[in-house]
Amino acid sequence: MTWEEMSPLLWEATGQTALMVLWSTLFTVLLGLPLGVALVVTDRGGLLPSRLLNRVLGLIVNVGRSLPFIVLMIAVIPLTRLIVGTTIGTFAAVVPLTLGAAPFFARLVETALREVGRDTVQAAQAMGAGRWTIIGRVLLPEARSGLVAGLTVTVVALISYSAMAGVIGGGGLGDLAIRYGYQRFETTLMIVTVVVLIVIVQLVQTLGDVIARRLARH
């Protein structure tokens, strides 16, 4: 296969991968960030301690993290069809991608928030700050560097997951590698696809590291 033949396929597949990762990242943050915050504030000594709720949330997160992504994709096919109306295509892949990444991101959010010094929270309480004010104006801003680092790791994981989504017709670079590189024995295209994925991951990781370092200085 010549470069002229590969180029349109690569551009289309890269665009599909970017679309999957962007939408999945958005929904992962919308689900994972509140879940991570809830894990911290409902824990013993937290702002809103609730042993039962904390255990339930922890169980949900642990179950979500324990499922291999390929199993999760198949398990949530009925839910995907209910939400999107189909189980094939780029947008259909967003559902399992989000469900797979949200529990992972929630644990990273929890870890970042726990690194905020207890003295900082106690100082805010001493000044009369309410619980939600402490969460929004103390915990999250103080942990922003760790949150960005966690988000970067999550996006990299989503890129990996999106490649696996090609197994069920999710489109993207993974689908391209399977259909052409594996099924049609186009070794050159397979190698180029791998290189493109590596480049994307390196760019995301570098950008995330730069932003996290800058936030850590402030």
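- Under the annotation held in an unreviewed UniProt entry, the protein chain carries the name ABC transporter permease and is attributed to Planobispora takensis.
- UniProt lists a comment for the protein chain under the heading Sequence similarities (unreviewed entry), and it reads "Belongs to the binding-protein-dependent transport system permease family. CysTW subfamily."
- In its Subcellular location (unreviewed entry) section, the UniProt record describing the protein chain reads: "Cell membrane".

1. Quick word on the packing of helix α8 (residues 144-164) against helix α10 (residues 187-217)
Next, step 1: α10 packs onto α8 with a crossing angle of 170° between their chain directions and a minimal axis gap of 8 Å. It follows that α8 is roughly antiparallel to α10 by the angle criterion. The residues of α10 that touch α8, namely those facing Arg144, Ser145, Val148, Ala149, Thr152, Val155, Val156, Ile159 and Ala163, are Leu197, Ile200, Val201, Val204, Gln205, Gly208, Ile211, Ala212, Leu215 and Ala216.
Next, step 2: Counted by class, the contact of α8 with α10 contains 14 nonpolar, four polar and one charged residues.

2. Description of the UniProt feature "transmembrane region" (unreviewed entry) in the protein chain
Next, step 1: Within this structure's numbering, the places UniProt gives as "transmembrane region" (unreviewed entry) are residues 20-41, 53-77, 83-106, 147-169 and 189-212.
Next, step 2: Along residues 53-77 the backbone is 88% helical and 0% strand, and the end-to-end C-alpha distance reaches 28 Å.
Next, step 3: Secondary structure across residues 83-106 comprises 79% helix and 0% strand; the distance between its end C-alpha atoms is 23 Å.

3. Structural notes on the layout of surface pockets
Next, step 1: Here the largest pocket is characterised by a volume of approximately 310 Å³.
Next, step 2: Lining the largest pocket are 16 residues, and of these Val40, Gly45, Gly46, Arg118 and Val121 lie nearest its centre.
Next, step 3: Of all the secondary structure elements, the ones that give two or more residues to the lining of the largest pocket are α1 (3-41), α5 (90-114) and α6 (118-126).
Next, step 4: If one sorts the elements of the lining of the largest pocket by residue count, α6 sits on top with four residues.

Scoring rules and cut-offs
- Residues numbered from 1 in each chain as written.
- Predicted model: local features only at pLDDT ≥ 70, side-chain atom pairs only at ≥ 80, totals over all residues.
- Heavy atoms only, no water.
- UniProt positions renumbered as here; feature names shortened; annotations may be inferred.
- Axes fitted to C-alpha atoms, helices over the stretch in contact; angles between N-to-C directions.
- Helix = DSSP H or I, 4+ residues; strand = E, 2+ residues; numbered from the N terminus.
- Parallel < 35°, antiparallel > 145°, perpendicular 65-115°, else oblique.
- Contact = heavy atoms within 4.5 Å.
- Nonpolar A, V, L, I, M, F, W, Y, C, P; charged D, E, K, R; others polar.
- 1 Å grid on protein atoms, 1.4 Å probe; cavity = no way out; pocket = protein on both sides within 12 Å on 5 of 7 lines; lining within 4 Å.
- Points joined across faces, edges and corners; volume = space filled by probe spheres on them.

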